[in-house]
Amino acid sequence: MNLYKYVSESINAKLGFVANLEIPRNRAFGDFSTNAAMVMAKDAKKNPRELANEILPKLRELDFISDVSVAGPGFINIKLKDDFIWHAANQPHNAKSEKPKKIDLDYGGYNVGKALHIGHLRTSIVGDTFNRIAKYLGHTTKSYNHIGDWGRPMGLIIAWILEYGMPKNADELNKIYPASTARAKNDEEWMSRAKQITAELQAGNPEYRKIYDDFMKISLAQMDTVLHRLNLLPFDATMGERGVAPYVADTQKILGNRGLLVESDGAMVVNVKTDDDTAPMPPLMFRTSSDTQTYAAADLSAIYYRTKTDNPDIIGYFTDSRQNLHFQQVFRVAKMAGITNAELFHTGFGTLTGADGKPFKTRDGNVAELLEILDMVNDAVRTRVADAGKELDNETISSIALAAVKFNDLLHDVRSDYVFDPNQITSFEGRTGPYILYTAVRLNSVLKRAGDTSDTITSTLTTDERNLLIETLDFERTVQSAFDNRATDMIANYAYDLCQLANTFYHNCPILRDDVDAATRVQRLNITRIARDTLSTAIDLMGLKIPDEM
Ligand code: ARG
């Protein structure tokens, strides 16, 4: 149950108007509070406290309320009945949307011939979690890995391979693009060759195509490795710049018919600036002067293709914030040309930085590769575990490392930069992935050691029991808000709060100890089960794996 929604709607129905329901920080006086009396007081021209006292009897009529009282200038504190909380918490979560939508999600977007780097971390993790959230809410999603596989880098790589031969593995392949780019900087002829090859590849040159197909295999295999290590859902479509190439002509025709294409120095652009723009808004580049497909043309054609094949209600993109302008331009053109009716959104991420505030680098000063980062965090976990005198198998260590990276990534507001510190994120205490997993393992182990649970309530709930159960009843609302606000950090923060309450409960409410009577034990076991189920659902949404022991 979405407890907040239920209580809020019941109160509004009872009072006949919409009041604001709040969750007080200190639950000692009430599980919820409302400013209803203060809102009404203005119109009624009454003293808010007086009015609050008049409202109390009405609220007492609601069968889930045990107690109401007036506080401060006229707030009404509301306490719920134990029985009601208990029964509500015993119902399985059901957060299915009443209006399921079709949603195309575009994240990952890795580049062929280049190693995945730290910049690909957030798009992968946040995109994947958003996908899981959308599915959990009953929406139909299609995830696209819009790979960078058709632009100038392809020409630069092919030019190099023609001269130095085919790379044997990903490591060799990933060195080519930087080397070829460096050469092109000082060697104009090399650059124009790369441009020429790019244009011919796009036009269907079979020799280039053969080379392209060969190194593509290496790249795709490498992407798979990363996806697997990050425990991402498989993409529904790996279809990027080349995949949409067959739809560029149609898209271009639409833009042309609408009179949107303008020639500019041999290139084709669309002017997107409006009179309201205060920030710079350059034209969108649809086709280059060397007649190659642009990044923007690919994205517009992708919208055209997706609209035609999926007919989505929403198309959402997750990339770093350096692409904010690009997506503004693309969305404007898509709407100006009437290519889609779908709602379009783009979430632009901040950067992962080192302690110095600059983009995170490895010790040798290079941009950190994604696999390197995972290895680095794996090592940090291994050291910690050894220092604590524990012995854990490799799989468990990987699960902890993955949780450290992903949870930390999800925890931060997606738009802001954050400091990436392998040591801090692997701590078993505080707002970290290992802490979340540790709590889940602990709840699981209690349940494993115990006998039956029961859903009958025998004694009144202690404060810790109440607080924990009420938090589980806030899960559905949290998932819904995370979706509505595209704020995956809400799930991470929720998981942390839930763990805090679960651990307080665990410390203060003995379960398996000999002096605990049987009725209390089954009741607490049931609370443990409810907390565990909710926590593991949150953990699933974040794409983490709970180890057997920690
Ligand atoms: N390949 C791009 C990059 O690494 C990201 C692609 C994002 N998706 C898109 N539809 N443009 O920067």
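Refer to the structure above for everything that follows.
Just so it is clear, the structure is predicted and the values come from calculations on it, not from any experiment.

Engineer: Explain the site of the ligand to me, and be specific about the residues and the numbers.
Structural biologist: Lining the immediate environment of the ligand, one finds Asp106, Gly109, Asn111, His120, His146, Tyr295, Asp299, Tyr317, Thr319, Gln323 and Phe327. In this structure, asparagine 111 approaches the ligand through a side-chain N or O atom, which is 2.7 Å from a nitrogen atom. When the ligand sits alone it has 350 Å² of accessible area, and the protein chains cover 87% of it. Looking at the shell around the ligand, the elements with two or more residues in it are α11 (295-310) and β11 (314-320). Residues belonging to the shell around the ligand are distributed by class as follows: three nonpolar, six polar and two charged.

Engineer: I'd like to hear about the sheet that holds strand β5 (residues 102-106), residue by residue, with values.
Structural biologist: Reading across the sheet, the five strands line up as β7-β6-β5-β11-β12 and stay open at both edges, with parallel pairing between neighbours. One side of each edge strand has no neighbouring strand; the edge strands of this open sheet are β7 (237-238) and β12 (343-349). With two bridges joining them, strand β6 (residues 140-145) and β7 adopt parallel strand pairing. Across the sheet, the residue bridging to tyrosine 144 is alanine 237, located in β7. Where α11 meets the sheet, its contacts fall on β5, β6, β11 and β12, and the angle it forms with β11 comes to roughly 145°.

Engineer: Give a description of the pairing of β12 that names residues and reports values.
Structural biologist: With six of seven residues buried, β12 is to be regarded as a mostly interior element. In this structure, β11 lies alongside β12, joined through seven bridges in parallel fashion. Following the sheet pairing, aspartate 320 is matched in β12 by phenylalanine 349. The handedness of the β11 to β12 crossover, carried by helix α12 (residues 324-336), is right-handed.

Engineer: Pulling in residues and values, what's your account of the packing of aromatic side chains?
Structural biologist: What the rule picks out here adds up to 25 aromatic pairs. Summarising the aromatic geometry, the rings of tyrosine 212 and phenylalanine 215 are spaced 5.8 Å apart at their centres and angled 70° between planes, so their arrangement reads as edge-to-face. Of the two residues, tyrosine 212 and phenylalanine 215 are both situated in helix α9 (residues 206-229); the distance of three residues between them amounts to about one turn of the helix. Here tyrosine 212 and phenylalanine 215 have matching classes, each one buried. Judged by centre distance (5.8 Å) and plane angle (50°), the ring pair of phenylalanine 327 and phenylalanine 331 falls under tilted.

Reading the values: rules and limits
- Residues numbered from 1 in each chain as written.
- Predicted model: local features only at pLDDT ≥ 70, side-chain atom pairs only at ≥ 80, totals over all residues.
- Heavy atoms only, no water.
- Near = heavy atom within 4 Å.
- Polar contact = N/O pair within 3.5 Å; in protein donor to acceptor, adjacent residues only side chain to side chain.
- Areas by Shrake-Rupley, 256 points an atom, 1.4 Å probe, with all protein chains shown as cover.
- Helix = DSSP H or I, 4+ residues; strand = E, 2+ residues; numbered from the N terminus.
- Nonpolar A, V, L, I, M, F, W, Y, C, P; charged D, E, K, R; others polar.
- Pairing = 2+ DSSP bridges.
- Contact = heavy atoms within 4.5 Å.
- Axes fitted to C-alpha atoms, helices over the stretch in contact; angles between N-to-C directions.
- Buried < 20%, exposed > 50% of the residue type's maximum accessible area, 1.4 Å probe, protein only.
- Right-handed = clockwise from strand over helix to strand, strands pointing away.
- Phe/Tyr/Trp six-rings, centres within 6.5 Å; stacked < 30°, edge-to-face > 60°.

It is worth stressing that arrangement in space is one thing and function is another; only the former is reported here.
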